[in-house]
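Structural features, examined
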Amino acid sequence: MEILLDSADLQEIETYSVFLSGVTTNPSILSKYRDTDPSVRLKRICELVNGSVSAEVISNEYDQMLEEGRRLASISDNICVKLPCTFDGFKTCEKLSNEGIATNMTLCFSLPQALLAANSGATYISPFVGRLDDIGQDGLALLDDIVELYRVNQYETRVLAASIRHMQHIVQAALIGVDAITLPPQLLKQMFLHPLTTTGLEIFQRDWQKK
Ligand code: E4P
């Protein structure tokens, strides 16, 4: 399972780059860095990670989405153009995919949207697990259904679990068999930690120092 970082923080991306298969951003994430031109930041992220870097269009209409998608893709070969699961988004995905540009269909909340993404030639589909849980639905059940849908139909679109909120989401997504997961930095950091590793290490150190 690919692990991506859901962040545009250059320092964190550099620190964890060896464990990353890519990075995902969205307009909310990039809006935290008004001091830098987003294209410059995206280019720098592409230099830091060896993998796909999702960059989302801001426009909602086909013509502008297409233009924006092509402009984003010209930043680097690593760029994966992120498009919303809307009529115009799927149409843009279909066009960009035919041009050989990688795409990530975002804000996916249903199986029909996942089906349309695969038929539009999307590279990735991003079901938002946490945001579905937030409204009392089962985000992991949707992940499971999409993985099964793609398996049965032998679709090539990769399932990228997004909107991940806690460790159980990570573990369950991995067991479901998603292709990739994007994590906020605080969750990636938690993956390295276990209290018994910390105390075990302290005991080893203490015993080794004993005379
Ligand atoms: C992924 O591509 C999205 O940027 C992200 O996972 C959204 O997460 P959130 O629901 O915590 O904002």
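See the structure shown above.
A few points on the structure. (Residues numbered from 1 in each chain as written. Predicted model: local features only at pLDDT ≥ 70, side-chain atom pairs only at ≥ 80, totals over all residues. Heavy atoms only, no water.)

**Overview of the site of the ligand**
Counted only if it meets this: Distances are taken per atom, and a residue is near a molecule or strand as soon as one of its heavy atoms is within 4 Å of it. Pairs of N or O atoms are called polar contacts if they sit within 3.5 Å, as long as, within protein, a hydrogen donor faces a hydrogen acceptor (for residues adjacent in sequence, only side-chain-to-side-chain pairs). Note on areas: Shrake-Rupley, 1.4 Å probe, and residue coverage restricted to the protein chains presented here.
Taken together, the neighbourhood of the ligand is formed by Asp6, Asn26, Lys82, Phe128, Arg131, Ala162, Ser163, Arg165 and Thr182. Within the contact set of the ligand, an oxygen atom lies 2.6 Å away from a side-chain nitrogen or oxygen of lysine 82. Taken by itself the ligand offers 340 Å² of open surface, and the protein chains cover 84% of this.

**Here we look at the pattern of salt bridges**
As a reminder, the rule being used: Salt bridges are identified by distance alone: a Lys or Arg side-chain nitrogen within 4 Å of an Asp or Glu carboxyl oxygen. Under the DSSP-based scheme used, a helix requires at least four consecutive residues in state H or I and a strand at least two consecutive residues in state E, with every element numbered from the N terminus. Buried residues are those whose accessible area, probed at 1.4 Å on protein chains only, stays under 20% of the maximum for their type, while exposed residues exceed 50% and partly exposed ones sit between those limits.
With the rule as written, the count across this model stands at eight salt bridges. A salt bridge links lysine 189 to glutamate 12; the nearest nitrogen and oxygen atoms lie 2.6 Å apart. Note that lysine 189 is positioned in helix 10 (residues 185–191) and glutamate 12 in helix 1 (residues 10–16), a separation of 177 residues in sequence. For lysine 189, a relative accessible area of 33% corresponds to the partly exposed category.

**Quick word on the packing of aromatic side chains**
This is how it is decided: Only the six-membered ring of Trp is used, alongside the rings of Phe and Tyr, when aromatic pairs are assigned; centres must lie within 6.5 Å, and planes under 30 degrees apart are stacked while those over 60 apart are edge-to-face, with the rest tilted. Each ring is checked for a lysine NZ or an arginine CZ that lies within 6 Å of its centre and within 35 degrees of its normal; such an atom marks a charge sitting over the ring.
Per the counting criterion, the structure on display carries four aromatic pairs. Between tyrosine 16 and phenylalanine 192 the ring centres are 6.0 Å apart and the planes differ by 40°, which places this aromatic pair in the tilted class. Taken as a pair, tyrosine 16 in helix 1 and phenylalanine 192 in the loop between helix 10 and helix 11 (195–209) lie far apart in primary sequence, 176 residues in all. When the centroid spacing of 5.0 Å and the interplanar angle of 70° are considered together, the rings of phenylalanine 19 and phenylalanine 192 count as edge-to-face. Here phenylalanine 19, found in the loop between helix 1 and strand 2 (22–24), pairs with phenylalanine 192, found in the loop between helix 10 and helix 11; they are 173 residues apart in sequence, far enough to count as distant. The ring of tyrosine 33 carries arginine 41 above its face, with NZ or CZ at 3.9 Å from the centroid. The ring of tyrosine 62 has lysine 91 sitting right over it, with the charged end atom 4.3 Å from the ring centre.

**Some details on helix 5 (residues 87–98)**
Filter applied, for reference: Expected span of a helix: the number of residues minus one, times 1.5 Å. Of all possible arcs, the one meant is that of the directions from the helix axis to the C-beta atoms. Note on contacts: a residue pair is in contact if any heavy atoms of the two residues lie within 4.5 Å.
In this model helix 5 runs 17 Å from its N-terminal to its C-terminal C-alpha over 12 residues, within 8% of the 16 Å that 1.5 Å per residue would give. Among the residues making up helix 5, those that are buried are Gly89, Phe90, Thr92, Cys93, Leu96 and Ser97. Along the axis of helix 5, the buried residues cluster in a sector spanning 160°; they form a single face. Residues of helix 5 that are exposed and point more than 90 degrees away from the buried face comprise Phe87 and Asn98. Among the structural elements, helix 4 (62–73), strand 4 (79–84), strand 5 (103–108) and helix 6 (111–119) are those in contact with the buried residues of helix 5.

**With respect to the pairing of strand 8 (residues 180–183)**
This is how the line gets drawn: For two strands to be treated as a pair, DSSP must find at least two bridges joining them. Whether a crossover is right-handed depends on one test, that the path from the first strand over the helix to the second runs clockwise when the strands point away from the viewer.
Neither face of strand 8 is exposed, since Ala180 and Thr182 on one face and Ile181 and Leu183 on the opposite face are all buried. Of the pairings in the sheet, the one linking strand 1 (residues 2–6) to strand 8 comprises four bridges and is parallel in character. Within strand 8, the position partnered with leucine 5 by the bridge is leucine 183. The pairing of strand 7 (residues 158–161) with strand 8 spans two bridges and is parallel. Directly across from leucine 160, in strand 8, lies its bridge partner alanine 180. Once the chain exits strand 7 it traverses helix 9 (residues 167–176) before rejoining the sheet at strand 8, and the crossover so formed is right-handed.

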